[in-house]
Amino acid sequence: MKRLLVVFFLLLPLLAACGGATTQAPTAAAPAAATTAPSAATAAPVPTAQGLVSATAAPAASPAAGGDLEVDRSKLSSELFFFNWSDYIDPAILEAFETEYGVKVTVDTFDANEDMLAKVRAGNSGYDLVTPSDYAVDIMWREGLIQELDKSLLPNVRHMDPGLLNKYFDEGNKFSLPYMYGITGIAYNKEFFPNGIDSWAAILEPANIEQFRGQFSMLDDERETPGAALKLLGKSLNETDPTVLNQARDILLAQKPFIAAYNSSDVNRKLSSGEYVMAHSWSGSAMQARNGLGDEFPGNPNINFVIPKEGGMIWMDNMVVLKDSPNAYTAHVFMNFLMRPEIAAQNTAYIGYLSPNKDAVPLLPQEVRDLYAEGFAPDAEVLKRLEWAVRNEQTTGFTQIWTEVKGQ
Ligand code: N2P
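Residues numbered from 1 in each chain as written. Predicted model: local features only at pLDDT ≥ 70, side-chain atom pairs only at ≥ 80, totals over all residues. Heavy atoms only, no water.

Caption draft 1: Spatial organisation of empty space enclosed by the protein. Evaluated as defined, the whole model comprises four cavities of 30 Å³ or more. Space inside the largest cavity adds up to approximately 230 Å³. The set of elements that each furnish at least two residues to the lining of the largest cavity consists of α5 (134-142), α10 (267-273), α11 (283-291) and β11 (312-321). If you tally residues by element for the lining of the largest cavity, the top one is β11, at three residues. (1 Å grid on protein atoms, 1.4 Å probe; cavity = no way out; pocket = protein on both sides within 12 Å on 5 of 7 lines; lining within 4 Å. Points joined across faces, edges and corners; volume = space filled by probe spheres on them. Helix = DSSP H or I, 4+ residues; strand = E, 2+ residues; numbered from the N terminus.)

Following this line, the structure appears as structure tokens:
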């Protein structure tokens with residue numbers, strides 16, 4: 001199976017510029033106009049990417065390159081427990097880490113921040129490292145669920161795009177460092193939509209979806225899915241007015257009889273197999289449907305991805321170490337390993353999301369770069385229509401309407 005070997009070069013600086021340090025519902029739009037491109041924007045795409053990341057080569061291990069961490073092996077645990085989103089790391093990277101350090105990384109997966117939070121809040125989860133999204137990082141540090149990072153163990157932070165650090169959910173990156181970011185829109189099979197899709201109405205309005213009953217899904221997510229309905233209403237996905245939230249709920253209730261499922265777990269596979277003709281989808285999941293995922297499932301060349309004209313979500317998942325992590329030192333070593341540019345590039349190429357690692361970006365190959373340009377990453381125009389999800393006291397309204405939607 002073809003791996004995703006990707007390059008993403010144009011948009012990172014624009015994305016980096018957005019969402020800054022504000023704590024109020026940051027939109028991607030305003031700062032996108034900023035011209036202070038911090039990294040790759042002005043650079044021509046680096047031509048030597050192919051071969052740096054290859055489907056057959058083991059991940060490059062060059063700990064010494066550029067002054068990587070001097071690991072005290074006597075402090076390493078033999079195991080590490082990583083709680084991560086599904087289909088969100090190249091298994092070859094886990095093998096490479098084990099080969100280099102003798103640490104076996106066990107990955108358990110979740111498909112929603114709220115599910116992850118419930119498990120971690122219960123205590124003694126046994127997990128060391130977790131990848132919450134932006135607003136969930138905010139929740140986790142406020143609730144004392146995560147520990148301050150020891151930056152002396154994380155020299156590879158220097159490879160991260162500064163524009164994607166210091167975001168509103170963890171100013172100063174005391175608790176978290178970026179893992180991957182992406183956007184949420186509609187993935188569709190162009191056999192069924194030869195003219196494309198340009199509005200959330202295509203997946204939300206009964207008149208449009210009757211003909212596709214049981215052949216599409218919405219994310220099983222209390223922020224993403226009401227967020228899509230809010231966008232159709234022309235509202236912010238951080239809307240807190242109960243009247244508007246109820247309108248969003250009603251859109252979802254009207255749609256519900258037609259969907260196959262609320263699904264955040266195997267949208268990639270079902271799009272790829274043709275079981276779904278469209279889906280509310282994360283960009284990388286759509287990219288996996290298009291290109292396949294390692295040896296797990298094949299790609300489907302008919303899959304496209306779009307951010308509807310009304311807008312969509314931009315988000316970033318982040319590495320954090322749990323307060324009760326049994327192996328915190330090893331967790332830092334693993335985080336630092338994941339921030340090596342060649343490892344980050346290999347991982348990004350494999351899973352098809354977007355890398356916050358500025359030195360990984362030039363290592364990404366052409367194939368997926370082409371897909372980014374086709375819409376699997378935002379261009380400047382799309383970026384203006386994207387919004388980050390913010391957590392605050394008022395956003396409990398989402399849990400309320402989501403319970404009502406799911407419960408009926
Ligand atoms: C990967 C999930 C991407 C994370 N399956 C969405 N925040």
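The discussion continues.
Caption draft 2: Examining the nonpolar core more closely. Among the nonpolar cores identified, the biggest contains 94 residues, and Met-116, Leu-177 and Phe-334 are the most heavily contacted of them. Broken down by element, the residue count for this core peaks at eight residues, all from helix α12 (residues 328-338). Listed in part, the 30 residues of the second largest apolar core include Tyr-188, Ala-202, Ala-228 and Val-306. (Core = buried A, V, L, I, M, F, W, Y, C linked by side-chain atoms within 4.5 Å. Buried < 20%, exposed > 50% of the residue type's maximum accessible area, 1.4 Å probe, protein only.)

Caption draft 3: Broad picture of the layout of surface pockets. Put simply, the largest pocket is a space of about 280 Å³. Around the largest pocket sit 14 residues that line it, and Ile-139, Glu-222, Arg-391, Thr-396 and Thr-399 are the ones nearest its centre. Those elements that place two or more of their residues in the lining of the largest pocket are α4 (113-121), α5 and α16 (396-407). Composition of the lining of the largest pocket by domain shows at least three residues from each of domain 1 (73-181 + 317-378) and domain 2 (182-314 + 383-407). (Domains from an automatic or database assignment.)

Caption draft 4: The pairing of strand β2 (residues 104-110), seen in detail. Pairing of strand β1 (residues 79-85) with β2 involves seven bridges; the strand directions are parallel. Of the residues in β2, the one forming a bridge with Asn-84 is Thr-109. A crossover links β1 with its parallel partner β2, the connecting element being helix α3 (residues 91-101), and its sense is right-handed. (Pairing = 2+ DSSP bridges. Right-handed = clockwise from strand over helix to strand, strands pointing away.)

Caption draft 5: Molecular detail of the packing of helix α8 (residues 224-232) against α16. At their nearest, the axes of α8 and α16 sit 10 Å apart, and the two run at 95° to each other. Comparing their axes, α16 and α8 come out roughly perpendicular. Note on element contacts: α16 touches α8 through Phe-398, Ile-401 and Trp-402, opposite Thr-225, Pro-226 and Leu-230. For the contact of α8 with α16, the residue count by class is five nonpolar, one polar and no charged. (Axes fitted to C-alpha atoms, helices over the stretch in contact; angles between N-to-C directions. Parallel < 35°, antiparallel > 145°, perpendicular 65-115°, else oblique. Contact = heavy atoms within 4.5 Å. Nonpolar A, V, L, I, M, F, W, Y, C, P; charged D, E, K, R; others polar.)

Caption draft 6: Representation of the site of the ligand within the structure. In the vicinity of the ligand, the contacting residues are Trp-85, Ser-86, Tyr-88, Ser-133, Trp-282, Trp-315, Asp-317 and Tyr-353. Here a nitrogen atom of the ligand sits 3.5 Å away from a polar atom, N or O, in the side chain of Ser-133. Between a nitrogen atom of the ligand and a side-chain N or O atom of Asp-317, the distance comes to 3.1 Å. Starting from 270 Å² of accessible surface for the ligand in isolation, the protein chains cover 95%. (Near = heavy atom within 4 Å. Polar contact = N/O pair within 3.5 Å; in protein donor to acceptor, adjacent residues only side chain to side chain. Areas by Shrake-Rupley, 256 points an atom, 1.4 Å probe, with all protein chains shown as cover.)

Caption draft 7: Inspection of the packing of α3 against helix α13 (residues 341-351) at higher detail. One way to put it is that α3 packs onto α13 with a least axis distance of 9 Å and a crossing angle of 155°. What the angle tells us is that α3 and α13 run roughly antiparallel. Where α3 approaches α13, its residues Pro-91, Ala-92 and Ile-93 are matched on the opposing element by Ile-343, Gln-346, Asn-347 and Tyr-350. Looking at the contact of α3 with α13 residue by residue, the class counts come to five nonpolar, two polar and no charged.

Caption draft 8: A look at the pairing of strand β7 (residues 278-282). Most of β7 sits out of view: five of its five residues are buried. Going residue by residue along β7, you find Met-278, His-280 and Trp-282 tucked away on one face and Ala-279 and Ser-281 tucked away on the opposite face as well. Relative to β7, strand β4 (residues 177-189) runs antiparallel, the two sharing five bridges. For Ile-186, the partnering residue across the bridge sits in β7 and is His-280. Inspection of the sheet shows strand β5 (residues 216-218) paired to β7 by two bridges, in the parallel sense. In the sheet register, Ser-217 faces β7, and the bridge partner there is Ala-279.

Caption draft 9: View of unusual backbone geometry. Its identity is not glycine, yet Asn-124 carries a phi of approximately 50°, on the positive side. Take Asn-124: it is sitting in the loop between α4 and β3 (129-130). For Asn-173, which is not a glycine, the phi torsion comes out positive at approximately 45°. With respect to the helices, strands and loops of the structure, Asn-173 is situated in the loop between α5 and β4.

Caption draft 10: Structural detail: the pattern of salt bridges. Evaluation of the coordinates by the stated rule reveals 15 salt bridges. Between Arg-340 and Asp-68 there is a salt bridge, with the nearest N and O atoms lying 2.9 Å from each other. Of this pair, Arg-340 sits in the loop between α12 and α13 while Asp-68 sits in the loop between α2 (29-32) and β1; the two residues are 272 residues apart in sequence, bridging distant segments of the chain. Of the two residues examined, Arg-340 and Asp-68, each falls in the buried class. Across the salt bridge formed by Arg-269 and Glu-296, the nearest N and O atoms sit 2.5 Å from each other. Of this pair, Arg-269 sits in helix α10 while Glu-296 sits in the loop between β8 (292-293) and β9 (297-298), and the two are 27 residues apart along the sequence. (Salt bridge = Lys/Arg side-chain N within 4 Å of Asp/Glu carboxyl O.)

Caption draft 11: Structural context of the environment of His-332. Inspection of the secondary structure puts His-332 in helix α12. Separated by 181 residues in the primary sequence, His-332 and Lys-151 place their C-alpha atoms 8.8 Å from one another. With residues near it in sequence (within four places) discarded, His-332 still touches Gln-147, Leu-149, Asp-150, Leu-153, Leu-154 and Val-321. Among the polar contacts listed, one links the side chain of His-332 to the backbone oxygen of Ala-328, at a separation of 2.8 Å.

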